[in-house]
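Structural characterization, general
Residue strings, one per chain:
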Amino acid sequence: MKIIILGAGQVGSTAAQQLAGEQANDVTVVDTRDEVLRDLQDRLDIRTVSGNAAHPSTLLAAGSKGADLLVALTSSDEVNMIACQIAWTLFRTPTKIARIRSGDYYGRPELFGENSIPVDLAISPEQLVTDYVERLIRYPGALQVLEFAEGRVLLVSMRALKGGKLVGHQLQALRSHIPNTEVRVAAIYRGGQSILPEGDTTIEEHDEVFFVAARDDMRLVMKEFSAEEAGVRSVVIAGAGNIGFRLAHALEGRLRVKLIERNPESSRRAAERLHNTLVLTGNAADEDLLLEENIDDADVFVAVTNAEEANILSAMLAKRLGARRVMALINKQSYADLMEGGQIDIAISPQTITIGALLEHVRRGDVVRVHSLRRGAAEAIEAIVHADERGSPIAGKRVDEITLAEGATIGAVVRGSEVIMPHHDTVIEAEDHVILFLTDRRHVGEVGRLFQAGTHE
Amino acid sequence: MNLAMVQRILGLMLLMFSLTLLVPIAVSFGFADDHHQPFLSAMAIVAGVGVLLWLPVRNVRRDLRLRDGFLIAAVFWTCLGFAGAVPLYLSDLPGLSFTDAVFEAVSGLTTSGATVIVGLDDLPKSILFYRQQLQWLGGMGIIVLAVALLPVLGIGGMSLYKAETPGPIKDQKLTPRITQTAKAMWAIYALLTAACAASFWLAGMDGFDAIGHAFSALSTGGFSTRDASLGHFDSVAIEIVATVFMFLGGVNFALHFYALRKREPGVYWQDTEFKAYFWIVASVVAFATVYLWLDGEYPTFGESLRHASLQVVSMQTSTGLLTTGFADWPGALPPLLMALTLICGCAGSTAGGMKVIRWLIVFRQGVCELKQLVHPSAELPVKIAGRPVPQRVLNAVAGFFAMYFIIFAALMFLLMIFGLDQVTAWSAIATSINNTGPGLGDVAWNFRDVPDSAKWVCLIAMLVGRLEIFTFVLLLTPAFWER
């Protein structure tokens with residue numbers, strides 16, 4: 001697939017890295033900053049073009065003729081939209097994805113379409129991150145909460161801790177613990193290494209467990225792996241930028257929310273637009289301020305300012321002062337690896353979250369949802385089983401008849417409105433939505449082929 | 001300052017006012033009460049003065065400045081007080097002194113409804129009608145009427161309009177053109193008045209009383225054509241009609257406008273000020289009903305509810321149409337009802353007082369201050385309906401409160417100097433500055449027994465209150481007169 005990425009910022013370069021890592025893709029990256037491009041080209045096997053991303057000449061130089069996918073990720077919404085418009089008008093690029101930050105545009109889906117602004121998918125990283133954090137807050141204890149099948153199936157990862165009923169027991173004990181609930185443990189990571197979960201695998205403390213269950217059963221299942229956490233009642237957010245503001249707006253109806261912002265101008269603007277949030281002007285890494293605002297009573301502290309170092313520091317400070325769970329927005333992968341699981345409970349990586357949404361469109365049409373896991377090493381995908389007169393590689397087969405790539409497991413099957421946890425004798429039907437977990441994403445192409453119709457060997 | 005222009009507009013407006021005297025003349029002939037003479041003479045005098053003012057400067061054409069608007073409003077309302085007094089002074093039937101005539105006219109025009117006349121039942125119909133008409137003209141604002149009818153005022157009309165319409169936020173125009181806005185306001189006002197008159201008539205009043213009391217209720221004035229006010233009719237139906245329309249008179253007319261244009265009554269409930277207004281009225285009615293009932297003032301709960309609701313709504317909207325009165329009610333109720341008139345109706349209504357919105361803003365500001373003590377670094381904007389109130393408005397409201405209470409106190413002490421007792425003095429000023437009418441003590445029903453000096457103080461309070469303090473106080477500041 002020929003892919004053009006406009007903008008080599010955080011998300012742009014991560015996307016380039018992920019996409020170029022798949023053999024089938026030819027990636028071209030466009031940016032105005034030569035040195036950034038040079039650096040990127042040194043690291044990755046991609047082509048780079050320097051110039052204004054919205055100019056037809058630049059797009060032409062980037063090979064828009066014959067490109068399959070245009071991903072506009074520059075920092076300007078307007079440039080992104082115009083680039084998509086030009087790519088469509090001049091080059092008929094079939095799929096166009098644009099990052100749209102401003103809620104004013106994003107909140108009006110009717111703006112985007114064939115007859116208006118030709119953007120096939122508008123991605124708002126801020127909105128994606130907000131939703132992501134909101135889900136984490138809703139399921140205290142979870143490290144990651146991912147939705148499939150319109151939110152009816154959840155993939156949750158959490159750390160097994162003392163107090164969890166299953167900790168120290170074999171996986172098959174789940175059946176007797178919660179007899180009427182269907183759960184699939186998709187993967188277990190112990191000390192950074194993935195272990196294939198079998199019935200006789202024993203869950204140990206500090207294991208990171210990925211499991212799939214229906215949304216309504218989630219709370220019950222989570223108790224198996226860690227002592228039940230009290231519900232979240234109060235949240236402190238540091239940073240009233242796009243993410244902080246949206247998060248406060250989404251949470252303020254249900255929870256007590258405090259929002260700390262350093263810039264008085266931004267905090268005033270936030271205070272004017274929020275209704276039940278207490279907006280504080282000050283530095284989130286200021287110990288006195290945090291103590292004054294009873295940080296030790298906070299159930300969750302989320303640092304989402306633009307400066308990741310500040311996020312790390314304020315989250316660590318909040319943890320030390322007694323906040324129950326702290327999360328920090330961290331862009332740099334090395335920082336995230338360094339911090340997560342230590343003094344910071346959850347490192348939120350905006351790139352990983354955004355990439356998932358991007359990948360859904362890069363994969364062929366049968367893949368409806370992709371979530372990048374463990375910083376892109378693993379992947380969870382939701383794909384539709386297609387069949388035509390020549391049949392399909394998996395439709396009509398029992399689960400134990402399907403040869404999956406190494407490290408891939410089938411997590412759940414959604415048939416119509418029904419959520420099925422597959423056993424070895426479950427038969428996959430055409431049009432099922434299958435949720436797969438891949439501990440090694442290098443096998444993603446292999447797995448994807450299973451879902452295409454008529455690819456029988 | 002553009003004195004020639006001010007003079008010209010003043011002349012034109014006096015001419016316009018003289019034309020309104022045609023209506024009582026018609027009433028006089030209609031009822032054959034043989035009392036048209038004072039109105040004819042008054043018309044000639046007022047029109048004559050108007051022409052004299054207008055003739056020398058009739059060709060002056062200049063745009064009105066903001067300052068001119070304040071000056072015109074203040075001077076015109078004062079002149080109007082005297083002009084309105086002319087027919088009452090000339091007429092021999094109530095036999096009013098000069099002071100009493102001016103007091104009665106100002107009381108009517110400012111929609112206060114405090115009267116010095118006893119024996120209304122025996123007065124000629126034309127005089128009675130004239131008093132009601134004065135209130136009706138003053139209710140929506142005679143300057144607003146002038147803006148609507150006299151296109152001569154042109155663009156500068158907005159500054160006039162601002163000087164007369166009540167409320168802290170005056171920049172809302174209902175329509176792009178100020179003349180149309182003024183016309184819309186008057187049209188709705190007339191429509192509601194007609195509806196009220198028809199309801200009174202259906203509830204059993206005769207045509208004359210129905211129209212008279214409709215004028216009084218919608219303008220939240222309070223003059224009645226009867227000595228015993230609404231109590232004369234002793235009819236539950238009439239009292240319900242009066243309560244409903246007084247309540248409507250206390251609502252922002254912009255809301256009536258939107259509700260009518262969109263044909264959707266939901267508009268009212270979306271308005272924060274209306275909600276506050278409604279809940280204040282509802283809770284005080286409930287409180288007063290229970291209080292009266294438990295105290296045994298009225299034998300039954302229904303009877304308590306009946307009297308409580310009319311009296312409370314009447315005071316809350318600064319109307320002053322009463323049945324039983326409330327001065328003799330037990331304990332906390334009389335001062336509570338007097339205090340209610342300080343809050344009064346919504347901005348942009350015909351009611352007087354300080355307006356619900358100002359209290360709401362001040363109250364929320366207080367709540368924010370309290371929060372700020374607990375969270376010193378919190379950012380706490382004062383919000384109404386989810387929108388932050390601009391600092392400019394906050395300052396204006398705080399300034400208004402300060403001015404209001406300083407003037408209130410000064411005038412009250414003046415009344416005590418003139419020999420009124422404490423209760424009479426404070427209630428007389430409260431009832432005057434809020435354009436309400438009835439007070440406590442010696443002024444519970446009328447102002448007849450108050451010394452002339454005190455009457456002048458009260459009528460100044462009425463004018464100051466009608467133009468919401470600032471307009472008049474402004475004229476006393478040197479900055480206003482500096483070029």
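Everything quoted here is computed from the prediction, not taken from an experiment.

**Points about the overall build of chain A**
A count of helical and extended segments in chain A gives 15 helices and 22 strands. Of the contacts formed within chain A by residues at least 6 apart in sequence, a portion of 62% connects residues at least 24 apart.

**A closer look at the sheet that holds strand β7 (residues 142-148) of chain A**
Residues and elements named next belong to chain A. If you walk across this open sheet you meet the five strands as β7-β8-β11-β9-β10, and the pairing is antiparallel. In the strand order of this sheet, the two ends are held by β7 and β10 (193-195), each with one partner. Pairwise comparison of adjacent strand axes, ignoring direction, gives a mean angle of 20° for this sheet. Sheet analysis places strand β9 (residues 183-190) next to strand β11 (residues 208-214), joined by six bridges and oriented antiparallel. By the bridge assignment, Y189 is partnered in β11 with E208.

**Observations regarding the packing of helix α1 (residues 3-20) of chain B against helix α3 (residues 37-54) of chain B**
Residue and element names in this part refer to chain B. At a closest axis distance of 7 Å, the pairing of α1 and α3 adopts a crossing angle of 160°. Relative to α3, the element α1 lies roughly antiparallel. Considering how the two elements wind past one another, α1 and α3 form a crossing that is left-handed. Across from Q7, R8, L10, G11, L12, L14, L15, F17 and S18 in α1, the residues of α3 making contact are M43, V46, A47, V49, G50, V51, L53 and W54. Of the residues assigned to the contact of α1 with α3, the class counts are twelve nonpolar, four polar and one charged.

**Side note on the environment of V413 of chain A**
Residue and element names in this part refer to chain A. With respect to the helices, strands and loops of the structure, V413 is situated in strand β20 (residues 408-415). Residue V413 is classed as buried on the basis of its 22 C-beta neighbours within 10 Å. C-alpha of V413 to C-alpha of D432: the two residues are 19 residues apart in sequence and 6.6 Å apart in space.

**Focus: the domain arrangement of chain A**
The domain architecture assigned to chain A consists of domain 1 (2-123), domain 2 (142-222), domain 3 (234-348) and domain 4 (353-449). Between domain 2 of chain A and domain 3 of chain A, the C-alpha centre-to-centre distance is 29 Å.

**Some points on α3 of chain B**
All names here are of chain B. Across its 18 residues, α3 extends 26 Å between first and last C-alpha, which sits within 8% of the 26 Å expected from 1.5 Å per residue. Here α3 has its buried residues at P38, F39, A42, M43, V46, G50 and L53. The buried residues of α3 occupy an angular sector of 130° when projected down its axis, which confines them to one face.

**Side note on the interface of chain B and chain A**
The interface is formed by eight residues belonging to chain B together with twelve residues belonging to chain A. A breakdown of the residues in the side of chain B that touches chain A according to their chemical character gives four nonpolar, three polar and one charged. One ladder, built from two bridges, connects strand β14 (residues 277-281) of chain A with strand β1 (residues 378-379) of chain B; its direction is antiparallel. Pairing of V279 of chain A across the sheet is with E379 of chain B, part of β1 of chain B.

**Looking at the pairing of strand β13 (residues 256-261) of chain A**
All names here are of chain A. The buried fraction of β13 is high, at five of six residues. Note: strand β12 (residues 234-238) against β13, five bridges, orientation parallel. Paired with V236 across the bridge in β13 is K258. Regarding the hand of the β-α-β motif, the stretch spanning β12, helix α9 (residues 242-251) and β13 is right-handed. Across five bridges, β13 lies against β14 in parallel orientation. Looking at β14, one finds that V257 is bridged to T277. Tracing the backbone out of β13, into helix α10 (residues 264-273) and back to the parallel element β14 gives a crossover that is right-handed.

**Describing the sheet that holds strand β6 (residues 121-123) of chain A**
Residues and elements named next belong to chain A. The six strands are arranged β3-β2-β1-β4-β5-β6 in an open sheet whose pairing can be described as parallel. Every interior strand has two partners, whereas the edge strands, β3 (47-50) and β6, have only one. The mean inter-strand angle of the sheet, taken between neighbouring strand axes irrespective of direction, is 15°. Bridge count between strand β1 (residues 2-6) and strand β4 (residues 69-72): four bridges; the pairing is parallel. Paired with I5 across the strands is V71, a residue of β4. Against the sheet, helix α4 (residues 77-91) engages β1, β4 and β5 (95-99), with an angle of about 170° to β5.

**Remarks on the nonpolar core**
Counting residues in each nonpolar core, the largest one holds 154 residues, and the members touching the most others are V71, F301, V302, A328 and L436 of chain A. If we ignore the near neighbours within four places in the chain, the residues touching F301 of chain A are V236, I295, A315, A318, A323 and V326 of chain A. If you look at the next biggest cluster of nonpolar residues, it comprises 146 residues, including L88, F129, A148 and L415 of chain B.

**Focus on unusual backbone geometry**
Residue and element names in this part refer to chain B. The backbone phi angle of R263 is positive, close to 50°, even though this residue is not glycine. Note on placement: R263 falls in the loop between α12 (253-262) and α13 (266-269). Using a count of 7 C-beta atoms within 10 Å as the deciding quantity, one classes R263 as exposed.

**Concerning the environment of H232 of chain B**
Within the element layout of this structure, H232 of chain B appears in the loop between α10 (207-218) and α11 (236-249). Separated by 91 residues in the primary sequence, H232 of chain B and T323 of chain B have C-alpha atoms spaced 7.6 Å apart.

**Quick look at the pairing of β1 of chain A**
With four of five residues buried, β1 of chain A is to be regarded as a mostly interior element. Traced from β1 of chain A through helix α1 (residues 10-20) of chain A to strand β2 (residues 26-31) of chain A, the parallel crossover comes out right-handed.

**Brief notes about the confidence of the model for chain B**
Confidence in the prediction of chain B, expressed as mean pLDDT, is 88, and 95% of residues score 70 or more. Across the assembled chains, the prediction reports ipTM 0.72 with pTM 0.80.

**Points about helix α19 (residues 422-433) of chain B**
Residues and elements named next belong to chain B. Here α19 spans 16 Å end to end across twelve residues, near enough to the 16 Å set by a 1.5 Å rise per residue. The element α19 is extensively covered by neighbouring structure, given that ten of its twelve residues are classed as buried. The complete set of buried residues in α19 reads T424, A425, W426, S427, A428, I429, A430, T431, S432 and I433. In the core, the buried residues of α19 are packed alongside α16 (333-343), α18 (391-417) and α20 (452-466). In the stretch just after α19, N435 is the one whose phi turns positive, near 55°.

Cut-off values and rules
- Residue positions are given per chain, counting from 1 as you read along its sequence in written order.
- Here chains are named by letter from A upward and ligands by number from 1 upward, in the order in which they appear as written.
- Given that this is a predicted model, residues contribute local features only at a pLDDT of at least 70 and side-chain atom pairs are listed and counted only at 80 or more, while totals for whole chains, interfaces and linings are drawn from all residues.
- By definition, any uninterrupted DSSP run of H or I lasting at least four residues is a helix, any uninterrupted run of E lasting at least two residues is a strand, and each is numbered from the N terminus.
- Placing a C-beta atom from the backbone of each residue, one calls two residues in contact when those atoms lie within 7 Å.
- Any two strands are treated as partners once DSSP identifies two or more bridges connecting them.
- Only the contacting stretch of a helix is used when fitting its axis, a line to C-alpha atoms as for every element, and angles between N-to-C directions run 0 to 180 degrees.
- Orientation categories follow fixed angle ranges, with anything under 35 degrees roughly parallel, anything over 145 roughly antiparallel, 65 to 115 roughly perpendicular, and all other angles oblique.
- In this scheme the crossing of two helices becomes right-handed for a clockwise turn of the near helix relative to the far one and left-handed for an anticlockwise turn of less than a right angle.
- Residues are grouped as follows: nonpolar covers Ala, Val, Leu, Ile, Met, Phe, Trp, Tyr, Cys and Pro; charged covers Asp, Glu, Lys and Arg; every other residue, Gly included, is treated as polar.
- Counting other C-beta atoms within 10 Å of a residue's own tells you its class, since 20 or more makes it buried, 12 or fewer makes it exposed, and anything in between is partly exposed; those C-beta atoms are placed from the backbone.
- All the domain ranges listed were derived from an automatic or database domain assignment.
- Here the expected span of a helix is defined as 1.5 Å times the quantity of residues minus one.
- Arc, as used here, means the arc of the directions from the helix axis to the C-beta atoms.
- Place the viewer so that the strands point away; then a crossover is right-handed whenever the path from the first strand over the helix to the second strand goes clockwise.
- In plain words, the nonpolar core is the set of buried Ala, Val, Leu, Ile, Met, Phe, Trp, Tyr and Cys residues that C-beta atoms within 7 Å link up.
- Per residue, pLDDT captures the predictor's confidence, and it can take any value from 0 to 100.

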